[in-house]
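As a plain string of letters, each chain reads:
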Amino acid sequence: MPLSDYEQKVLRSLEKDLSTQFPLLEQKMKRSDARFSPRFIVGAGALCAVVALVFVIVGLYIGSVLLSILAFVAMGAGSYFASRASTLARLRRQVQHVQPPSA
């Protein structure tokens, strides 16, 4: 649902006020986060989770509880980063879709 003219005007005035009050925030928001793409982060997190699962199984097989615990923590971290990156990518797409075109 597109924004009305009044809503677009209010949004532009808010952006203008924020950019004058917080110039560092404006620079940070405009800067693209192109270091790592969300696909790369999701892939790396999923790979980390799968490899860690293998280490959990190996640790249980050889009887090393410490290895299994560390691998389980790594598996959780990989899953967390994969899900967080995919959620952030989805939110970014939604925000870019809602923003009115620059005048």
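Just so we're clear, the structure is a prediction, and the values are computed from it rather than from any experiment.

About the criteria used
Residues numbered from 1 in each chain as written. Predicted model: local features only at pLDDT ≥ 70, side-chain atom pairs only at ≥ 80, totals over all residues. Heavy atoms only, no water. Helix = DSSP H or I, 4+ residues; strand = E, 2+ residues; numbered from the N terminus. Buried < 20%, exposed > 50% of the residue type's maximum accessible area, 1.4 Å probe, protein only. Contact = heavy atoms within 4.5 Å. Areas by Shrake-Rupley, 256 points an atom, 1.4 Å probe, with all protein chains shown as cover. Phe/Tyr/Trp six-rings, centres within 6.5 Å; stacked < 30°, edge-to-face > 60°. Patch = residues over 30% accessible without salt bridge, like charges linked within 9 Å, V, L, I, M, F, W, Y side chains within 5 Å. Salt bridge = Lys/Arg side-chain N within 4 Å of Asp/Glu carboxyl O.

(A) Highlighting the overall build of the protein. What the protein contains, in helices and strands, is 4 helices and 0 strands. Every one of the 103 residues in the protein was classed for burial, and the buried ones make up 15%. Put simply, of all contacts in the protein between residues at least 6 apart along the chain, 62% involve residues at least 24 apart. Accessible area of the protein: about 8,900 Å², with a carbon and sulfur share of 67%.

(B) Geometry of the environment of E26. Along the chain, E26 turns up in helix α2 (residues 23–30). Overall, the relative accessible area of 29% leaves E26 in the partly exposed class. Each C-alpha atom, one on E26 and one on E15, is 8.9 Å from the other, the two residues being 11 residues apart in sequence.

(C) Fine view of the packing of aromatic side chains. A complete count under the given rule lists 1 aromatic pair for this structure. Residues Y80 and F81 carry aromatic rings whose centres are separated by 5.3 Å and whose planes lie at 65 degrees to one another, so their mutual orientation is edge-to-face. Residue F81 is classed as partly exposed on the basis of its relative accessible area of 45%.

(D) Region of the structure containing a nonpolar patch on the surface. Side chains of V50, V54, V58, Y61 and I62 sit close together on the surface and give an oily, nonpolar patch of about 540 Å² of accessible area. Checked against the element boundaries, V54 lands in helix α3 (residues 38–62).

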